[in-house]
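Residue-level structure breakdown
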Amino acid sequence: MPNIKFEKENHEVVAADGANLRLKAMENGIDIYKFYGKMMNCGGYGQCGTCIVEITQGMENLSPRTEVEDRKLKKKPKNYRLACQALVNGPVSVVTKP
């Protein structure tokens, strides 16, 4: 089972293979949204682009970027992901609200 380390929060959670990164964060009380995102998020459908996280380790253990992510993150670094679109298949380290 993969571990997800949330670096700013100094919190590590265990997830089943294929777990959604956004859902695992929310289930464990990790706040991934900035102010605007708390009010205007799309609920995990990849439409708003407010659940951006930075992957510092384990990018190879996430599902590939989706077309939605390619559009929403085209001006962001390659290690940025939308948490709602990322499925975890191995250990990763995450920085929330980069």
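Residues numbered from 1 in each chain as written. Predicted model: local features only at pLDDT ≥ 70, side-chain atom pairs only at ≥ 80, totals over all residues. Heavy atoms only, no water.

Looking at the element boundaries, L62 is found in the loop between β4 (52-57) and α3 (67-72). Spatially, the C-alpha atom of L62 lies 11 Å from that of I4, the residues being 58 residues apart in sequence. (Helix = DSSP H or I, 4+ residues; strand = E, 2+ residues; numbered from the N terminus.)

Relative to the helices and strands, K24 is located in helix α1 (residues 21-27). Owing to a relative accessible area of 17%, K24 belongs among the buried residues under this scheme. A distance of 3.1 Å separates a polar atom in the side chain of K24 from a polar atom in the side chain of E27. What K24 contacts, discounting residues up to four positions off in sequence, is I4, V14, A15 and A19. (Buried < 20%, exposed > 50% of the residue type's maximum accessible area, 1.4 Å probe, protein only. Polar contact = N/O pair within 3.5 Å; in protein donor to acceptor, adjacent residues only side chain to side chain. Contact = heavy atoms within 4.5 Å.)

Counted by the stated rule, this structure contains three salt bridges. D31 is the salt-bridge partner of K97, the closest N and O atoms lying 3.4 Å from each other. One end of the pair, K97, is in the segment after β7 (92-96); the other, D31, is in the loop between α1 and α2 (35-40), and 66 residues separate them in sequence. Accessibility expressed as a relative area gives 29% for K97, which makes it partly exposed. Residue classification places D31 among the partly exposed positions, given a relative accessible area of 28%. With a shortest N-O distance of 2.7 Å, R81 and E69 are connected by a salt bridge. (Salt bridge = Lys/Arg side-chain N within 4 Å of Asp/Glu carboxyl O.)

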